[in-house]
Amino acid sequence: MSTPISIPLLVPELPSPQALLPYLERMHAAQHYSNFGPLVKELEQRLLERFASHSSEPLALCTVSSATLGLELALAALNLPPRSRVLIPSLTFVATATAVLRAGHIPVLGDVDGDSWLLTPATARAAATEADIDAVLPVAAFGVPHDMGAWHAFHEETDLPVVVDAAAGYGSQWLDAVSGTAVFSMHATKSLPAGEGGFVISRDPALVSKIQQLSNFGINLNPGASLPVGVLGSVGTNAKMSEYHAAVGLAALDCWAEGADRRRDRHAALRTRLQAVAPPGTIRWQAGIGAVAAPTLLCIRLLDSRQRDRLERICAARGIATRRWYQPLMARMLTVASHCVCLPTPEATSIAYGMCGVPFFPGMTDVQQDALVSALEDALA
Ligand SMILES: Cc1ncc(COP(=O)(O)O)c(C=O)c1O
């Protein structure tokens, strides 16, 4: 008989029914449930204001029904020729690769930086010496933000479009550079949850307008466009955010700052406790994890797969959930890899061998934290 899991990996925190009610009442009164209704517009406006306070340049933003579709439509809106080669990190969630494939392009699976676990401009430059690349889709892995100034310099130097998959990066990833586009997730497990949902933000209003059109089947809704309103301007899909999801997103935004403080403080405190029981040099953290404003996951990097397996076994025996996030690596996932260009990925492979996702959620009790800390202590003894 397997041990029942008593410490889950994560516990989503969504707004209470009471917090949703005012928004649901507005929706009910307006009888507007989808198709760019007032709540979606308000959410877009409030998000835009948040991003504007971190940028000296004007920005444009549109909501979508998920980050996966946001990525797919952002790639479609770039108008790259079919089967263009899009560089992505091999260490990422499957949606990064499937979005590239569904947009009709070829993922080029590249390596990441060994400290930050990110595909950086430096790793992208190295990848470009080994394969032809037409665009880059870096990932803000586990919410660790990218240096958008460095990506802007990369874009200026190479002329390659860059779209950041910032699915887990709300509150940490800003577009403080002169150019840039990023896609965020509002899935229930993310730091700004709407249940399902996402948004795209960019310095390029034409790109955002195109993504919005594609999210509405491709129908033109812009009176200023050359096509009449209501005419199909492109072959899109239905990726609109509903008013129900916008209601949850708005309520989540109302209490975001307080929740983020709690997440950040408790994540840092738990990391400190775990570090304290680990002999020197036996565990490492993703560089930049301290800059994540509202962490939702906790990953420990152990020295090798033997130590990782040992931690997993001990946790399993004690009812503590673990997960090998982003694994197997994209290059080892046959369904995807057979359609990709696979570059050598020594850093991503080394990270994957030692990485173990362990429980983290703001409501973790002292008893639950003690159990995790002693599991690590015993695994490294
Ligand atoms: C890196 C990354 N990209 C994309 C996604 C997909 O986001 P969504 O669930 O909003 O489609 C996720 C979801 O966890 C993710 O981690």
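Before reading further, recall that the structure is shown in the block above.
These lines cover the structure that appears in this document, whether it is placed above or below.

Cut-off values and rules
Residues numbered from 1 in each chain as written. Predicted model: local features only at pLDDT ≥ 70, side-chain atom pairs only at ≥ 80, totals over all residues. Heavy atoms only, no water. Helix = DSSP H or I, 4+ residues; strand = E, 2+ residues; numbered from the N terminus. Rg over C-alpha atoms; globule rule 2.2 N^0.38 Å. Buried < 20%, exposed > 50% of the residue type's maximum accessible area, 1.4 Å probe, protein only. Areas by Shrake-Rupley, 256 points an atom, 1.4 Å probe, with all protein chains shown as cover. Lys, Arg positive; Asp, Glu negative; His and termini not counted. Charge placed at Lys NZ, Arg CZ, Asp CG, Glu CD. Pairing = 2+ DSSP bridges. Contact = heavy atoms within 4.5 Å. Axes fitted to C-alpha atoms, helices over the stretch in contact; angles between N-to-C directions. Core = buried A, V, L, I, M, F, W, Y, C linked by side-chain atoms within 4.5 Å. Domains from an automatic or database assignment. Phe/Tyr/Trp six-rings, centres within 6.5 Å; stacked < 30°, edge-to-face > 60°. Left-handed = near helix turned anticlockwise from the far one by under 90°. Nonpolar A, V, L, I, M, F, W, Y, C, P; charged D, E, K, R; others polar. Polar contact = N/O pair within 3.5 Å; in protein donor to acceptor, adjacent residues only side chain to side chain.

Looking only at helices and strands, the protein has 13 helices and eleven strands in total. For 381 residues, the compact-globule estimate of 2.2 N^0.38 gives 21 Å, and the C-alpha radius of gyration of the protein, at 21 Å, lies within 12% of that figure. C-alpha extents for the protein along the principal axes are approximately 70 × 55 × 45 Å. Burial analysis of the protein (381 residues in total) assigns 53% to the buried set. Here the protein displays about 16100 Å² of accessible surface, and carbon together with sulfur accounts for 55% of that area. Taken together, the 28 basic and 34 acidic charged side chains of the protein have centroids lying 6 Å from each other.

A few words on the sheet that holds strand S10 (residues 341-342). Pairing in this open sheet of four strands is parallel, and the strands run S4-S2-S3-S10 from one edge to the other. In this open sheet, the two edge strands, each paired with only one partner strand, are strand S4 (135-136) and S10. Both strand S2 (residues 85-89) and strand S3 (residues 106-110) contribute to a ladder of five bridges, which runs parallel. Each residue of the ladder has a partner; that of Leu87, found in S3, is Val108.

Moving on, we get to the sheet that holds strand S11 (residues 355-358). Remark on secondary structure: sheet strands pair via backbone hydrogen bonds, oriented parallel or antiparallel. Strands sit in the order S8-S9-S11 across an open sheet of three strands; the sheet is antiparallel. The sheet terminates laterally at strand S8 (283-284) and S11, the two strands that pair on one side only. Sheet topology note: the S8/strand S9 (residues 298-302) ladder contains two bridges and is antiparallel. Residue pairing in the sheet places Ile283 in a bridge with Leu302 of S9. Helix-sheet contacts for helix H10 (residues 305-317) involve S9 and S11, and the interaxial angle to S11 is about 20 degrees.

Quick look at the nonpolar core now. Ranked by internal contacts, the top residues of the largest apolar core, which has 50 residues, are Val136 and Tyr170. Listed by contribution, the elements that provide at least two residues to this core are helix H1 (17-30), helix H2 (38-52), helix H5 (121-128), helix H6 (148-158), strand S6 (181-185), strand S7 (198-202), helix H8 (243-254) and helix H9 (256-277). Per-element accounting of this core gives the leading share, seven residues, to H8. Here this core spans two domains, and each of domain 1 (17-254) and domain 2 (256-380) adds at least three residues to it. When near neighbours in sequence (up to four residues on either side) are disregarded, Tyr170 contacts Leu47, Arg50, Phe51, Phe184, Ser191, Leu192, Phe199, Leu253 and Trp256. Counting residues in hydrophobic clusters, the runner-up holds 44 residues, among them Val112, Leu118, Ile320 and Ile351.

On the secondary structure map, Thr345 appears in the loop between S10 and helix H12 (346-354). Filtering out sequence-adjacent residues up to four positions away, Thr345 remains in contact with Ser90, Leu109, Gly110 and Asp111.

Applying the stated criterion across every chain, the model contains twelve aromatic pairs. Considering the side-chain rings of Trp117 and Phe142, the 6.1 Å spacing of their centres and the 85 degrees angle between planes classify their relative orientation as edge-to-face. With Trp117 in the loop between S3 and H5 and Phe142 in the loop between S4 and H6, the pair connects residues that are 25 residues apart, well separated along the chain. There is no split in this pair, since Trp117 and Phe142 are both buried. Arranged with centres 4.4 Å apart and planes meeting at 20 degrees, the rings of Phe142 and Tyr326 form a pair that is stacked. With Phe142 in the loop between S4 and H6 and Tyr326 in the loop between H10 and helix H11 (334-337), this pair connects stretches of sequence that are 184 residues apart.

Contact geometry for H2 and H8: axes closest at 8 Å, N-to-C directions at 35 degrees. Regarding H2 and H8, the two cross each other, and that crossing is left-handed. Contacts from Pro38, Leu39, Val40, Glu42, Leu43, Arg46 and Leu47 of H2 reach H8 at Glu243, Ala246, Ala247, Gly249, Leu250, Leu253 and Asp254. Here the residues of the contact of H2 with H8 are counted per class, giving nine nonpolar, one polar and four charged.

Turning our eyes to something else, we now look at the side chain of Ser179. Its place among the elements puts Ser179 in the loop between strand S5 (163-165) and S6. Given the relative accessible area of 19%, Ser179 is considered buried. Polar side-chain contacts of Ser179 include one of 2.7 Å to the side chain of His152. Each residue touching Ser179, except ones within four places of it in the same chain, is listed here: His152, His155 and Arg203.

Right, let's talk about the environment of Val139 for a bit. Mapped onto the secondary structure, Val139 falls in the loop between S4 and H6. Relative accessible area serves as the criterion here: at 4%, Val139 is assigned to the buried category. Once the C-alpha coordinates of Val139 and Met27 are considered, the two residues, 112 residues apart in sequence, prove to be 34 Å apart. With residues near it in sequence (within four places) discarded, Val139 still touches Pro89, Thr92, Thr96, Leu118, His146 and Asp165.

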